Each structure stands twice: as structure tokens, then as C-alpha cells.
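# A look at the structure
What follows is the residue order along each chain.
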There are 2 protein chains.
Amino acid sequence: MNKPPSEMNGAESVVRSLHAAGVDVCFANPGTSEMQFVDALDRTKLMHCVLGLFEGVVSAAADGYARMAGKPAVTLLHLAPGFANAAANLHNARKARVGLINLVGDHSLRHQQYDAPLSADVEAACAPFSDWVRMGRDAGSFAADAMEALRVAKGRPGRVASLIAPADIGWDEGGRMAAELPAEGAAPLDEDALDHAVRALESGERTVILAGNSVLEDVEALALLHGIAEKAGADILTPVSNRRMERGRGRFALNKIPYPIDLALDTLAPYRRAILVETVPPVAFFAYPGKPSLLLPEDCDTVTLAGLDGDGPAALAALADRIGAKPAKAQDVAPPARPQAGAITLANIAAALASALPEDAIVIDEAVSSGAATFPAGDGAAPNSWLALTGGSIGIGIPLSAGAAIACPDRPVITLQADGSAMYTIQGLWTQAREGSNVTTIILANRAYEILKGELHNVGAQPGPDALSMLNLDRPHLNFVDMARGMGVPGRRVEDVADLMRAIEDAAKEPGPYLIEAML
Amino acid sequence: MNKPPSEMNGAESVVRSLHAAGVDVCFANPGTSEMQFVDALDRTKLMHCVLGLFEGVVSAAADGYARMAGKPAVTLLHLAPGFANAAANLHNARKARVGLINLVGDHSLRHQQYDAPLSADVEAACAPFSDWVRMGRDAGSFAADAMEALRVAKGRPGRVASLIAPADIGWDEGGRMAAELPAEGAAPLDEDALDHAVRALESGERTVILAGNSVLEDVEALALLHGIAEKAGADILTPVSNRRMERGRGRFALNKIPYPIDLALDTLAPYRRAILVETVPPVAFFAYPGKPSLLLPEDCDTVTLAGLDGDGPAALAALADRIGAKPAKAQDVAPPARPQAGAITLANIAAALASALPEDAIVIDEAVSSGAATFPAGDGAAPNSWLALTGGSIGIGIPLSAGAAIACPDRPVITLQADGSAMYTIQGLWTQAREGSNVTTIILANRAYEILKGELHNVGAQPGPDALSMLNLDRPHLNFVDMARGMGVPGRRVEDVADLMRAIEDAAKEPGPYLIEAML
């Protein structure tokens, strides 16, 4: 059955060609216009099909899968509104430079001229949230279009490629297999920038190396980065949020640029020189009255050693070679002291998490306003992969974890999930349950859009009752244990830090998903 | 406090000007870039601010509010991803020709040049789901822009107007009040079309009058429509889904064009003449292999007496005048027989609903695959307003009902909600709970995307296990009573039709929301 037949329709040619090129997971929320893909996936049995009950679950799961599998998955989305539902988490994937392919169903080409209820401009809807958009033209060229989408998605950096699939080119016969195309490699090292970086490190001035993306995923590159910084007396910082960081005891602790604007400015104020490796000059998350947008001091001499399209580890190797630096050795760090019983607070939660996180965990970080408190846990814990919300569009954590678990079924996944953000894609719990994923979701329940209270202050306002009613999640209180049970995920509420640690340890040992509502 | 101060910022000028023009409800899911609006709403206390925990809740609630209040609400959305989250239900509002205004926050003008994490092209994101888009330029002209948005939203038909609000023009001083602008009226009656319609009615050929939008909202227009049809021996049909229909005993029963393609073609096959009143020539919801897109017979002589921009009731009055028709009298219909105890089935559910629906209910219809079975309930029940999913983008019911309840706090709202669709915007239950809305959500639990099974068949496929796994909502089963409890909405599961009726009657009498999970 899995040898391509001599005759097949367009949908089958796409499924078979993508699979032959290594794409074997499809995250789907299909509708009528995608039925020929459902049929092709069903008949060929080549892909693991994962259903999301909302498209924002689908796109974030594809992102989480790609961050951990190191290769793209394909999504199946339903016309312009289905794409729009997926868009917020596609935005996050784009900002993370994660590659994935969207197959966006559309009306058949001859039906597009009529204003049917689900008609809208699919290409225009895809454009602001995609790096590449193409409308399929006919069954015969459809698989070749999919291979072009895959080429774009697998480039360096990864990109979001959206291929629009009019229904008829999926169901028409005449599909033809297409071969994988070579993906675009990283931009070559800029020798002038290398000279510039060497001069910065040898300048004797305060220098910061800002490193992002693939550097943070690569334990050897991190060792070299620290060797360079030690040799030159430079500091290391990372962007405020990163798609994946390899962390934990026996590895290197990393400091992030803080999120709050004043702290960020203070942190970067001392530097006269900055070397960027797979990142861009840091900018404020938001603008505020009377505050700058660019975070580095105006007179800081900045060089991009490797841009977002560069090869950071290779650039660091070249830099180390030029200044004679060797890989650093991470210091052995003792496991953190286990907190005693007591209320769960922002002061004890990092130690609790560091103590309780299982070996080789994948940590999904959508902690938002609790994030400054929880982030240090990743350094004190056993080795882990730490995946954060990258584009600022909340509602990624639960489905990102579902996708990461599908990429790495043998690793425990722990999600640090702000309560307000959890509600955007709460449906992802059901996908965790259906897939039997070993995901432990820790709801950090402060019962507010806590971060916005600070932001209201930052625009000079004092919150009154009407403002607070738009920032607080009380009246009524949410009960995440009930919601999770309704989607097939068992759970419990904890108010004591010792209970929290036990609950994490128990949950990570058991197969299948679990939810812990941690009352802050 | 509520007299405009001599000095105010841009955000306050917008809030005050919209309020002075009659906009007094704001559905919001704000973020950092909207904090100056939160502040202005808080300080002025001019609007009822309703928080949604997801933007798709916000947009559908604004739609439901407008359908029942007959005037626009304003939404508050957070940059391009926040708009995208709202877009699917804005699509539905557009297809319903419902007017509303989106205030979409964006980075401050000077911050837009940097690639901050939440940066994206907000104008491009808004365009495919808006009838009108404008980027605000400065504080002084901001309220005038809002008045232009209101003019567009209140036109005939209603439109979706999106005003993008860079943060700085909200917080800058120099805001100036702006006065309401006259909205565009309906297109004038086309006298040639009127002649054409008269000829159709006098032709002696089988004639159908297809009536939509404001005709269906207007009890007097419906009486005239039926008088015309009786006088001329014509039939009446409505589009497959309608934003609002005034229905119930003592009114006129209306037949819809069926959703399934073959049934729709069969229904329209007999007609040689068609008169369109506030609707367009009917098209298939989707295209299917070998089936036509246009549903009326090719040789059917069709005239648009009033387009979507026309005044259907006025056109019908002119037509009645020409042929000498009078308003018909609706027949007195006895209340339906109350079903006996037994399983809830598609065969008994209409009678059960008709028997149990309270007087003057607002019925929200997102019944999807159960819709053909539940729709007749609206004719047999006490008088009611029946609001349907209009744009085919599922996930409208729960939040549409929340908005309708805010427009009509004294009327009971009953939501007929398919289970799969419910999961798209399940967060809307929390808004119902917070607002104490008298909404009874009836989950029609068939535990599948049932409608897609027929659609798979329509593209010629036989579903195997992998296809069914993408169409069934089992593994695990959803428990909506648990989910609702987690969001502060009490509920129960019913399996017996007598229990269902009692539960509806009890819930509608009690204030506040309730959820009934009806197992089909």
C-alpha cells in the first residue's frame, strides 16, 4: 500500500512526498475542504495524525514538535478562519525561527468566485503570519509546491511556510511525487564582523556577548561561548525568551535580559561593546512613554557576528580560534536545598522546581509574571531542555508541551503555565490526554493578568476598580483541576510547596498527562 | 468627572466620543499596548467593560450584542496576534453584516520600526477580516478616526471596522472630542428590479422569494412577505443560516435552504423564478466533485429586489403595493406535544425544545450536525429570537450568547451548542459566569465532528480508523459539566428527554448561567 500508486490524487501526492522527505507527523484540525487529505492520510497510514480541538493547539504543537524533533511537522488547517485561529502561535513560531509547514485548505478553484459563507482571502490571511505563502494550482504540481514549502521550512533559520490547498487540486487525479529540494544553509561567516568581534574582546572595554537560537541548543557551543567569555573577560546574556536552551546541573547557567524595561536598561547600561550571535540588537518588548526602544546604550559599539540566518556555533568556533579560547568546563553545582513545607511563593518556587524536576525533562516556560521567579530553576535542576514563549503571544504552553511530548515520547515534559495564558488554548489538555503524553502541567495560579498591573503603572495610570476588573481573573475563580478532568487529564490543587514537589515527582513517574494547580 | 476635561489623552477622547455617540459596551482582552484604554475606561466609567479570556470570545460577544442591541459595541484587542485570535468570529460577524468596531492596539509609532517580539503587520492582519481598516495617526485626530469607524459600522448593512491604535497616540495629550457622523443608509429601491419582481410573481411560473437579514428580524415585514407569497402563489425560503430570525407561535414558520448539497439542489430545482430580498444568489457551502456551486437552476430567472445593502422591508412594502398584497395573518399553532421520557434523539429533540423553551427566549443556534433536527423547535416554541452561526467558522455559540445576554439582560438565552464547536471558545463560559448572564448552554453531545463524516463521504472516501480518529471526539470523552464548573458555571448531564426539558425550564427560571450536557 505504501509504494506510490501509478495513479493518485493531489492530496495523496503531497502526503507521500512529504513523508518520503521525512515529515511524518501531521497536527490537524480539518474541515470539509481538507477531507481529501484526511482520506489520503487514512489510506496511506504514513503519518502520525494528531487532532487538536482548536487550531491554536495545532500550530503550537507543531512548533513544540519542531523545537524538539529538529525537523518540521505539517499542519492541516481549514480556510482563512482556521488559519487565523492558528496564527497567534504561528507568530510565536516565526519569532522563534522554527520551521513548519501549513497546509491550508481552501474552496475549490472554481468555487472561490462565489461568496460562500467560509470564503475569505486565504492568501491575505496567511501573509502576515507566514514567511512563505503559495496557492496550489493543480494536482500535478501540488507535491512540488509542498517540497518548496519544506525547503523553506527547513532553511536556516527555520521558517513558517503556508501552502494553500484548494479542495479540487487535492481530489483531482494526476498527483505526481516530488523529490526533496536542498534547504538553504546558514549565511557564511562575515570575516569583517569576526575582526570586529576580536577587536571588541581585545578592547579592554566592558563587553557583552548576546547569544541566541541554535547556540543555546548546543552544549558544545555553550562551552565554547563560556570559554571565549572567560578568556576575554566578557559577559554573556541571552534574549528575554528563547526557543530552546540546554540547561541544568553540569551545564552553564545563563542570564537573560530582563523583561521589565527599567531592569533591562540597567542590565545593559554598563556595556561599551556588544557581540551578537544568532540574535538581533535587543529591543524593548513594548514601548513606554519617555523610555527608549533600543536597550543597548546609544554609544555601545555593536557587531553582528552571526545574524538570525547565520551559524552561531560555527561563528563561535572561529572566534575562539582567533583569540585562542578553549571550551570552558561547567562547574559542578550541588542540587538545590529542598524547601520545607509552607505556602508556595515566588521566593521558594525556583528551589522547589529545581529539586523536583525529573532527569532529562523538557520544560515548557509560559510562566509570564512568575517567570522571573521560576526561570532560575532550570540551572539548579537536573539537565533539561527549556522552551519558552518567544513571540509574546500568550497561549502557547499547553499545546507546545503536547507537541514536544510527541517528538520525545521518552522524556518527561513539565509545563510552567501562567493561569491567564492557559485559558487561551486550554483545549490542548485534551490532545495530551488522547496522545497519552507524559506532560505535567503546573498552573501558576495567581488569578490575575498580573503582568498587566505593572504595565498599567508603566503608562502612568493608577488602577481603579474597572481597570482591575479587566486584569483580575477572580469573579469567578477558575478551577483548573475541574477543567482538566473534563478533558480527560487528572490533576490536583496544591497550596503547600512540599505537596507541589511531591506532586511533580509523582506525576513525572506516571505515564500520561497530569495537571497541578499551584496556588500562589 | 464625565464632562470631557479640557485636556485629555487620545485614548480618553476615543472613549468619550464613542460613548457620546451611543457606544456603551466594550468587550475586551487587553494587553500592554492597550493599557491607556484600560485607564481611560476606568477613569471615565462610561462603558460597561466585559472581559473575555480569549479574543474569539470578545469578537463573538460583540457580534451577539450588536445582533440584539441593534447597535455596535467596541472591542479592545492586542496587536496582530490578538486580532488574529478574534478573526474567526469577526469573519462570522462580517458574513452576518453585523456592525462592530475593533480598537486594535499596536506598538507606538516610533517602536514599530524595531522587530519587537509582538511586532507584526497589524494592518495586513486586519484587512482580510475587516470591511474598513485605518491606522490612527495622532492623538488629536484619533477620536475623529473612531467616529469614522462608527459610521462604517452603523451603515446598512453593518460592517466590521478596525481602527488600529498605536500606543503613543492613546497616551499622548491633545485628544479632541469628535461628533458622530451620519451613517450610510440603505441603497435606494431599484425600480427596474421591482418591475422584474412583479413580472415574476405574475408569470404563473414556480417562484421562490429568498429573504434574509433585516426582513427576518422584522415581524411586520415577515407578515407582508407571507401576504405577497400567498397572493402570488410563491414559496418563501431563507438562507441556510441567518443572523437573527423572529420566530415562534403566532409568527410565521420559515423554511431554510438545506445545508447538504443534494438536498439544497433538490429543494431549489422546481423554481423557474427567484426574487432575492437582502440576500445573494444561494451558493453551496462547499464545492464537491461533480456538483455545481450555484444552487438555483441554471435557467432560473433571478432578480435582486434588494441586495445586502438594500432595505428589504421597504422593498417588500413596494412590492406588496404593486401586486395589491396585504400582511398575512400567522396561523395559531398549538404548543407541541411534550415528548415522553426516553433517550434524547434527533427525532424528539425539536419537540422537547419547543415545549421547554421559555417565553421571549433568545436562541443561539450552533447546533451544526444536529441543526436540522433542532431548527424546527423555533417555530413550535413561544416567541423567540433565533441567532445562527453565519460564516461557517465554528466556535461562536458560547460567546455569542454571552453578548446577547448583555444586550438583553431581561431575556433568557438558550444556546444550542454542538460539542466539537463548543471547544473552540469554551472560555466564554467564564464571561457568562462573571456577568451573571441568564444563559443556558445545551451541549448537543454526539462526541464527533459528525458533520465531517458526511463530508468525507461527499468527496468519495470511505473513512478508515485514522480518518475517524480525526473526526471523533472520543478517547477521551469530554465532560462539559466538569469544564463548566471549572469556569464557575453549574450544570448537569442529562440522558433522558424529560430530564432535558425539566433542566431547561429550571435553568431559565434561575438567574445566572447553567450548562446542560445533553447526551445524544
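Identification of chain A as Acetolactate synthase large subunit from Roseovarius spongiae is taken from an unreviewed UniProt entry. According to UniProt, the comment filed for chain A under the heading Sequence similarities (unreviewed entry) is "Belongs to the TPP enzyme family."

Another point: the interface of chain A and chain B. Taken residue by residue, the interface counts 101 residues in chain A and 101 residues in chain B. Roughly 8,100 Å² is buried in total at the junction of chain A and chain B, and carbon and sulfur atoms are behind 65% of that figure. On the chain A side of the contact with chain B, Pro117, Arg434 and Met470 of chain A bury the most area, a combined 9% of that side's loss. For the pair chain A and chain B, the number of links is eight salt bridges. Residue aspartate 115 of chain B pairs with lysine 95 of chain A through a salt bridge whose shortest N-O separation is 2.6 Å. At the boundary of chain A with chain B, the tally comes to 46 residue pairs in polar contact (both at pLDDT 80 or more). Secondary-structure elements contributing two or more residues to the side of chain A that touches chain B are helix H2 (35-44), strand S2 (48-51), helix H4 (79-95), helix H5 (122-126), helix H17 (428-435), helix H18 (450-458), helix H19 (465-469) and helix H20 (480-486) of chain A. With nine residues, H4 of chain A is the single largest residue contributor to the side of chain A that touches chain B. For the side of chain A that touches chain B, the class distribution of residues is 55 nonpolar, 29 polar and 17 charged.

Every buried residue belonging to helix H18 (residues 450-458) of chain B is among Leu452, Glu455 and Leu456 of chain B, and all of these are buried. The buried residues of H18 of chain B occupy an angular sector of 105° when the element is viewed end-on, so they sit on one face. Buried residues in H18 of chain B make contact with H2 of chain A together with helix H19 (465-471) of chain B. Remark: glycine 460 of chain B follows H18 of chain B within two positions and exhibits a positive phi of approximately 90°.

What follows concerns the sheet that holds strand S5 (residues 132-135) of chain A. All names here are of chain A. The strand order across the open sheet built from six strands is S2-S1-S3-S4-S6-S5, with neighbouring strands paired in parallel fashion. Because the sheet does not close on itself, it has two edges, and the strands there are S2 and S5. Averaged over all pairs of adjacent strands, the angle between their axes in this sheet comes to 20°, without regard to strand direction. Relative to strand S6 (residues 160-166), strand S4 (residues 100-106) is paired through seven bridges, and the arrangement is parallel. Paired with leucine 100 across the bridge in S6 is valine 160.

All names here are of chain A. The strand order S8-S7-S10-S11 describes an open sheet built from four strands, whose pairing is parallel. Since the sheet does not close on itself, it has two edges, and those belong to strand S8 (235-237) and strand S11 (301-306), each with one partner. Neighbouring strand axes in the sheet, compared pairwise and without regard to direction, differ in orientation by 20° on average. Where helix H8 (residues 191-201) meets the sheet, its contacts fall on strand S7 (207-211), strand S10 (273-277) and S11, and the angle it forms with S11 comes to roughly 130°.

Right, let's get into the packing of aromatic side chains. This model, assessed by the stated rule, comprises 13 aromatic pairs over all chains. Taking the centre distance of 5.6 Å and the plane angle of 85° together, the rings of phenylalanine 375 of chain A and tryptophan 386 of chain A count as edge-to-face. With phenylalanine 375 of chain A in the loop between helix H13 (371-374) and helix H14 (377-380) and tryptophan 386 of chain A in strand S13 (residues 384-388), the pair connects residues that are 11 residues apart, well separated along the chain. Accessibility classification places phenylalanine 375 of chain A together with tryptophan 386 of chain A in one group, the buried group. Put simply, the rings of Phe54 and Tyr424 of chain A together with Phe54 and Tyr424 of chain B pair up and form one aromatic cluster. The lysine or arginine in question, arginine 247 of chain B, covers the ring of tryptophan 386 of chain B, its NZ or CZ lying 4.5 Å from the ring centre. When the ring centre of phenylalanine 375 of chain B is taken as origin, the NZ or CZ atom of lysine 256 of chain B, which lies over that ring, is 4.0 Å away.

Two side chains bearing opposite charge may form a pair once their charged atoms approach each other closely. Evaluated as defined, the whole model comprises 66 salt bridges over all chains. Between aspartate 39 of chain A and arginine 43 of chain A there is a salt bridge, with its nearest N and O atoms 3.2 Å apart. In this pair, aspartate 39 of chain A and arginine 43 of chain A both sit in helix H2, four residues apart, roughly one turn of the helix. The buried category is assigned to aspartate 39 of chain A, whose relative accessible area is 11%. Note that arginine 485 of chain A and aspartate 482 of chain B form a salt bridge whose closest N and O atoms lie 3.6 Å from each other. Here arginine 485 of chain A is found in helix H20, whereas its partner aspartate 482 of chain B is found in helix H20 (residues 480-486) on a different chain.

Right, let's talk about the domain arrangement of chain A for a bit. Note: interface size is frequently given as the accessible area lost on complex formation between the parts. All names here are of chain A. In terms of domains, chain A is made up of domain 1 (10-171), domain 2 (191-323) and domain 3 (349-519). Taken over C-alpha atoms, the centre of domain 1 sits 28 Å from the centre of domain 3. At the junction of the two partners, domain 1 supplies 25 residues and domain 3 supplies 26 residues. Summing both partners gives a buried area of about 1,900 Å² for domain 1 against domain 3, and 69% of it is carried by carbon and sulfur. At the surface where domain 1 touches domain 3, the tally comes to 10 residue pairs in polar contact (both at pLDDT 80 or more). Contributing elements (two or more residues each) for the side of domain 1 that touches domain 3: strand S1 (25-28), S2, helix H3 (55-69) and H4. For the side of domain 1 that touches domain 3, the leading source of residues is H3, giving 10 residues. Residues belonging to the side of domain 1 that touches domain 3 are distributed by class as follows: 15 nonpolar, seven polar and three charged.

This paragraph deals with empty space enclosed by the protein. A full pass over the atoms with the stated rule returns 10 cavities of 30 Å³ or more. In this model, the largest cavity occupies a volume close to 520 Å³. What lines the largest cavity is a set of 32 residues, among which Pro239, Val240, Thr279 and Val280 of chain A together with Pro117 of chain B lie closest to the centre. For the lining of the largest cavity, the residue count by class is 21 nonpolar, six polar and five charged.

For the rest of this paragraph, the subject is the pairing of S10 of chain A. Residues and elements named next belong to chain A. In terms of burial, S10 is largely enclosed, as five of its five residues are buried. Burial of S10 is two-sided: the residues Arg273, Ile275 and Val277 facing one way and the residues Ala274 and Leu276 facing the other way are all buried. Here S7 runs beside S10; their pairing, made up of five bridges, is parallel. Bridge pairing links alanine 211 to valine 277 in S10. As judged from the five bridges shared by S10 and S11, these two strands associate in the parallel manner. Pairing of valine 277 across the sheet is with alanine 306, part of S11.

What counts, and where the lines are drawn
- Residues numbered from 1 in each chain as written.
- Chains lettered and ligands numbered in written order.
- Predicted model: local features only at pLDDT ≥ 70, side-chain atom pairs only at ≥ 80, totals over all residues.
- Heavy atoms only, no water.
- UniProt positions renumbered as here; feature names shortened; annotations may be inferred.
- Contact = heavy atoms within 4.5 Å.
- Buried area = accessible area lost by both parts, 1.4 Å probe.
- Salt bridge = Lys/Arg side-chain N within 4 Å of Asp/Glu carboxyl O.
- Polar contact = N/O pair within 3.5 Å; in protein donor to acceptor, adjacent residues only side chain to side chain.
- Helix = DSSP H or I, 4+ residues; strand = E, 2+ residues; numbered from the N terminus.
- Nonpolar A, V, L, I, M, F, W, Y, C, P; charged D, E, K, R; others polar.
- Buried < 20%, exposed > 50% of the residue type's maximum accessible area, 1.4 Å probe, protein only.
- Arc of directions from axis to C-beta.
- Pairing = 2+ DSSP bridges.
- Axes fitted to C-alpha atoms, helices over the stretch in contact; angles between N-to-C directions.
- Phe/Tyr/Trp six-rings, centres within 6.5 Å; stacked < 30°, edge-to-face > 60°.
- Lys NZ or Arg CZ within 6 Å of the ring centre and 35° of its normal.
- Domains from an automatic or database assignment.
- 1 Å grid on protein atoms, 1.4 Å probe; cavity = no way out; pocket = protein on both sides within 12 Å on 5 of 7 lines; lining within 4 Å.
- Points joined across faces, edges and corners; volume = space filled by probe spheres on them.

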